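# Architecture at a glance
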Amino acid sequence: MKDKTKLIHEGRNPAEHFGAVNTPVYHVSTVLFETVKELNQFTTARMSYGRHGSPGTQALCEALCALEHADGCILTSSGVQAINVALLAFLKPGDHLLMVDSVYSPTRIFCDGLLKDFGITTSYYDPLVGANITDHLQANTKVVFLESPGSLSFEVQDVPAIVKAVKKTNESIITMLDNTWATPLFYKPLDHGVDVSLQAITKYIGGHADVMMGSIAYKETHKTVLEQTRYQMGLSVGPDDAYLALRGLRSLSARLQRHQDNGLTVAKWLQQREGVSRVIHPGLEGDAGHAIWTRDFKGASSLFGFALGDGTRAQVEAMLDHMSLFGMGFSWGGYESLLIPCNVARNRTATTWDMKEQYFRIHVGLEDPDDLIADLDAAITRFYEAA
Ligand SMILES: *Cc1c(COP(=O)(O)O)cnc(C)c1O
């Protein structure tokens, strides 16, 4: 079955729910058993305890597994929790974590914070390292973490080369990838040899700027360690949130296609707009990541970066405080457009980011791109007029 069909049909069974198209929301903490025998066999019951899930959360997991080509999936209360729990599942005191330098900044904070306190060391590597990743492996390296394209800076990693080189050196090293930018519709980490696929469902899968959730998808080999971690950490997501996430997933292919088209339209317009010094979008021909993106990805989402000239804070304020359609906010992936100034260099330690110009991260929503372009055009004019 093709992905677009799976998104519609996986994770629901109307016959089990009086014909309802969508799996209903079960609010449940206590689950009752009819007999002592059933009570004693609670671990094999479809529902045993609210924390372990209900038909709604199971339906979401089923649909995600089908899309990710995964054997199992753990839902978490945020994308950050998915990442942090996955790391904790595999790392023990004394272990080393090799982390991509372009990683989402809260992940970096976790590595340099709690993980460090627990006796786990992290070193950072250049996202474009490719097969030379082996130069950075240590005897105690247990996890290699990837995120592609990188947060804010959008470098596309050569995931197959990295995974192959790591596994060739030491088969027991676990690779994980934060796939929030592409979603499993446009990129399937497990198909590229990655052990654990991480997703902030909060972003495109939720898709409506409301629900917070994350997922950890894996193959059978990693089920025990991840499931035990889920159990011991007491992870649980609310049934209403799971319902919203699954509802978002149903329209993912239509929305993402439109995000891609709108994003590319706006990116191409920016490329030729006077005063725009750089556009970083892997879907653009000539972009540094374009070749690998073309080889590995099925599409591009609509989050990318662009730079204007050198600018003062007053210029940035003149520009962004007066947008009519673009909002200023951090969590992207909803239906609406967003624009924020950002500082990439602040989150780098292994590589340098030497862009001197004023850099922005843009999320292109589902509006008509003509209206978005008009808003941006006026904004860029305000930026330069305030100089
Ligand atoms: C937003 C984001 C996360 C975290 O997701 P939350 O649900 O907000 O915790 C993780 N990784 C990337 C790349 C993100 O953009």
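Above this text sits the structure in question.
All values derive from a computational prediction rather than experimental measurement. (Residues numbered from 1 in each chain as written. Predicted model: local features only at pLDDT ≥ 70, side-chain atom pairs only at ≥ 80, totals over all residues. Heavy atoms only, no water.)

## A short note on the site of the ligand
Selection rule: Only a single heavy atom is needed: when it lies within 4 Å of a molecule or strand, its residue is near that molecule or strand. Polar contact is defined as a pair of N or O atoms within 3.5 Å, subject to the rule that within protein one atom must be able to donate a hydrogen and the other to accept it, and that residues adjacent in sequence are counted only when both atoms are side-chain atoms. The protein chains shown are the only cover counted for residues, whose accessible areas, like all others here, come from Shrake-Rupley with a 1.4 Å probe. Whether a set of points on the 1 Å grid over the protein atoms alone is a cavity depends on a 1.4 Å probe fitting there but being unable to get out, while an open set qualifies as a pocket with protein on both sides within 12 Å along at least five of seven lines; lining residues are those with an atom within 4 Å of a point. Assignment of a molecule to a cavity or pocket requires that more than half of its atoms lie within 2 Å of the corresponding grid points. Each residue is assigned to one class: nonpolar for Ala, Val, Leu, Ile, Met, Phe, Trp, Tyr, Cys and Pro, charged for Asp, Glu, Lys and Arg, and polar for all the others, Gly among them.
As a matter of local geometry, the ligand sits amid 15 residues, with Gly79, Val80, Asp178, Thr202 and Lys203 nearest to it. Measuring from an oxygen atom of the ligand, one finds a backbone N or O atom of Val80 at 2.9 Å. Interatomic distance of 2.5 Å between a side-chain N/O atom of Thr202 and an oxygen atom of the ligand. Calculation on the ligand without its partners gives an accessible area of 370 Å², and the protein chains cover 93% of this total. In this structure the site holding the ligand corresponds to the largest pocket. Split into classes, the residues belonging to the shell around the ligand amount to seven nonpolar, five polar and three charged.

## Observations regarding the nonpolar core
Our working definition: Nonpolar cores are built from buried Ala, Val, Leu, Ile, Met, Phe, Trp, Tyr and Cys residues. Side-chain atoms within 4.5 Å join them into one set. Each residue's exposure class comes from its accessible area (1.4 Å probe, protein chains only) as a fraction of the maximum for that residue type: buried when under 20%, exposed when over 50%, partly exposed otherwise. Contacts are residue-level and defined by heavy atoms, with any inter-residue pair within 4.5 Å sufficient.
Membership of the largest hydrophobic core comes to 89 residues, with the highest contact counts inside it found for Leu87, Val144, Met176 and Leu249. Residues contacting Leu249, with those up to four places away along its chain left out, are Leu7, Leu60, Ala63, Leu64, Leu67, Ile205 and Arg255.

## Notes on the pattern of salt bridges
Threshold: Basic side-chain nitrogens of Lys or Arg form a salt bridge, by our definition, when they fall within 4 Å of a carboxyl oxygen of Asp or Glu. By the criteria applied, helices consist of DSSP H or I runs no shorter than four residues and strands consist of E runs no shorter than two, each listed in order from the N terminus.
Taken as a whole, this structure holds eleven salt bridges when the rule is applied. Among the salt bridges present, the one from Glu16 reaches Arg46, with a minimum N-O distance of 3.2 Å. Note that Glu16 is positioned in the loop between α1 (3-9) and α2 (36-40) and Arg46 in the loop between α2 and α3 (55-68), a separation of 30 residues in sequence. When its relative accessible area of 44% is taken as the criterion, Glu16 is described as partly exposed. A salt bridge links Arg295 to Asp158, with the nearest nitrogen and oxygen atoms 2.7 Å apart. With Arg295 in helix α11 (residues 290-296) and Asp158 in the loop between β4 (141-147) and α6 (159-169), the pair connects residues that are 137 residues apart, well separated along the chain. Each member of the salt-bridge network shares a partner with another, and the members are Asp3, Lys6 and Lys188.

## Remarks on the sheet that holds strand β6 (residues 196-200)
Basically, it comes down to this: The pairing criterion is simple: DSSP has to find at least two bridges between the two strands. Lines fitted to C-alpha atoms define the axes here, with helix axes fitted over just the stretch in contact, and angles between the N-to-C directions of these axes take values from 0 to 180 degrees.
Pairing in this open sheet of seven strands is mixed, and the strands run β1-β7-β6-β5-β4-β2-β3 from one edge to the other. Sheet topology places β1 (72-76) and β3 (121-125) at the edges, where each strand pairs with a single neighbour. The mean inter-strand angle of the sheet, taken between neighbouring strand axes irrespective of direction, is 20°.

## Quick look at the environment of Ile8
Its location among the elements puts Ile8 in helix α1. For Ile8, a relative accessible area of 37% gives the class partly exposed. Sequence separation of Ile8 and Thr57 is 49 residues, and the distance between their C-alpha atoms is 16 Å.

## Details of the side chain of Asp375
Applied cut-off: All tallies of charge rest on Lys and Arg as positive and Asp and Glu as negative; His and the ends of each chain are not included.
For Asp375, the position within the fold is in helix α13 (residues 369-385). Of the side chains with opposite charge, Arg382 lies nearest to the buried Asp375, which makes no salt bridge, at 5.1 Å. Non-local contacts of Asp375, meaning those with residues more than four positions away in its chain, are made with Met323, Ser324, Leu325 and Phe326.

## With respect to the layout of surface pockets
Short version of the rule: Grid points are joined across faces, edges and corners, and a volume is the space filled by probe spheres set on the points.
Taken as a whole, the largest pocket holds about 950 Å³ of empty space. Forming the boundary of the largest pocket are 47 residues, of which Leu152, Phe330, Ile340, Cys342 and Arg361 lie nearest the centre. Counting residues per element, the ones that place at least two in the lining of the largest pocket are α4 (79-90), α5 (105-117), β6, β10 (338-341) and β11 (359-363). Of the residues belonging to the lining of the largest pocket, the class tally is 24 nonpolar, 14 polar and nine charged.

## What to know about the sheet that holds β11
Strand order in the open sheet formed by four strands is β8-β9-β11-β10, and the pairing between neighbours is antiparallel. Of all strands in the sheet, those bounded by a partner on one side alone are β8 (278-280) and β10. Taking each pair of neighbouring strands and ignoring which way they run, the sheet shows an average axis angle of 20°. Bridge count for β8 against strand β9 (residues 303-307) is three bridges, and the pairing is antiparallel. Paired with Arg278 across the strands is Ala307, a residue of β9. Strand contacts of helix α10 (residues 252-272): β8, β9 and β11, with the helix running at about 10° to β9, the strand carrying the most contacts.

## Let's talk about the pairing of strand β2 (residues 96-100)
The buried count for β2 comes to five of five residues, which makes it a mostly enclosed element. Sheet topology places β2 next to β4; four bridges connect them, and they run parallel. Along β4, the bridge assignment pairs Leu97 with Val143.

## Details of the packing of aromatic side chains
As a reminder, the rule being used: Within 6.5 Å between ring centres, the rings of Phe, Tyr and Trp (the latter by its six-membered ring) count as paired, and their orientation is classed by plane angle as stacked under 30 degrees, edge-to-face over 60, tilted in between. Lysine and arginine charges are scored as sitting over a ring when NZ or CZ, respectively, is within 6 Å of the ring centre and within 35 degrees of the ring normal.
Under the criterion given, the structure shown has seven aromatic pairs. Between Phe306 and Phe360, the ring centres sit 5.3 Å apart and the planes meet at 20°, which makes this aromatic pair stacked. Placement of Phe306 in strand β9 and of Phe360 in strand β11 is noted, with a sequence separation of 54 residues between them. Look at Phe306 and you get buried, because its relative accessible area is 0%. Geometry around Tyr49 places Arg51 over its ring, the cationic atom sitting 4.9 Å from the centre. Just above the ring of Tyr124 sits the side chain of Arg108; from NZ or CZ to the centre is 4.0 Å.

## What about empty space enclosed by the protein?
Enumeration over the complete set of coordinates arrives at one cavity of 30 Å³ or more. With six residues, the single largest contributor to the lining of the largest cavity is helix α9 (residues 239-250).

All quantities given are derived from atomic positions and should not be read as evidence of function.
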